[in-house]
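A closer look at the structure
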Amino acid sequence: MNNKLLPIGSVVTLEGAEKKLMIVGESLVQEDDDTIYDYIGVPFPEGYIDSENMFLFMAKDIEIVNFVGYVNAESQAFRIKYAEYLKENGLQED
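By the naming in an unreviewed UniProt entry, the chain is DUF4176 domain-containing protein, taken from Hominilimicola fabiformis.

In structure tokens:
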């Protein structure tokens, strides 16, 4: 798991994909099978269409970072707490 997550609003292209995705959620998103994902994204530039057009993916699947989203003190504080969570739960490689 990658603790250097891209911020919400970032636009990425996944490996082998033609369509860009905009990140709308990050970190530990779980689906019914208990798989943990780094991100949830929606098609760019369309944005949210419906729940069938939202995509869960891992940081390792990103081929291109087209745009880095908004970062402020609040998002930086989140990243610090997230890194602590990963370390405390043995999910972070040192």
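Anyway, onward from the coordinates.
Before going further, it helps to examine helix H1 (residues 73–88). Between its terminal C-alpha atoms H1 stretches 23 Å, which fits the 22 Å expected from 16 residues at 1.5 Å a residue. Capping the start of H1, Asn 72 holds a side-chain oxygen 3.1 Å from the backbone nitrogen of Glu 74, two or three residues further along. Where H1 ends, the next residue or the one after it, Gly 90, has phi of about 65°, a positive value.

Attention now goes to unusual backbone geometry. The general pattern is negative phi for most residues beyond glycine and trans for most peptide bonds. Residue Phe 44 is joined to Pro 45 through a cis peptide bond whose omega torsion reads 15°. Relative to the helices and strands, Pro 45 is located in the loop between strand S3 (36–43) and strand S4 (55–57).

This brings us to the nonpolar core. With twelve residues, the main nonpolar core is built from Leu 5, Leu 6, Val 12, Leu 14, Leu 21, Ile 23, Tyr 39, Phe 57, Ala 59, Ile 62, Tyr 82 and Leu 86. Not counting chain neighbours up to four residues away, the residues in contact with Ile 23 comprise Leu 6, Pro 7, Ile 8, Gly 9, Ser 10, Val 12, Tyr 39, Ile 40, Gly 41 and Phe 57.

To continue, consider the environment of Ile 40. Along the chain, the position of Ile 40 falls in strand S3. Residues contacting Ile 40, with those up to four places away along its chain left out, are Met 22, Ile 23, Val 24, Gly 25, Met 54, Phe 55, Leu 56 and Phe 57.

Turning our attention to the side chain of Thr 13. Here Thr 13 shows up in strand S1 (residues 11–14). One polar contact links Thr 13 to Asn 66, side chain to side chain, over a distance of 2.9 Å.

Attention shifts here to the pattern of salt bridges. Enumeration according to the criterion identifies three salt bridges in this entry. With a closest N to O distance of 3.0 Å, Glu 46 and Lys 19 form a salt bridge. Of the two residues, Glu 46 is situated in the loop between S3 and S4 and Lys 19 in the loop between S1 and strand S2 (21–30); the sequence distance between them amounts to 27 residues. Judged by its relative accessible area of 47%, Glu 46 falls in the partly exposed class. In this structure, Lys 60 engages Asp 61 in a salt bridge whose closest nitrogen and oxygen atoms are separated by 3.6 Å.

About the thresholds
- Residues numbered from 1 in each chain as written.
- Predicted model: local features only at pLDDT ≥ 70, side-chain atom pairs only at ≥ 80, totals over all residues.
- Heavy atoms only, no water.
- Helix = DSSP H or I, 4+ residues; strand = E, 2+ residues; numbered from the N terminus.
- Expected span 1.5 Å × (residues − 1).
- Polar contact = N/O pair within 3.5 Å; in protein donor to acceptor, adjacent residues only side chain to side chain.
- Core = buried A, V, L, I, M, F, W, Y, C linked by side-chain atoms within 4.5 Å.
- Buried < 20%, exposed > 50% of the residue type's maximum accessible area, 1.4 Å probe, protein only.
- Contact = heavy atoms within 4.5 Å.
- Salt bridge = Lys/Arg side-chain N within 4 Å of Asp/Glu carboxyl O.

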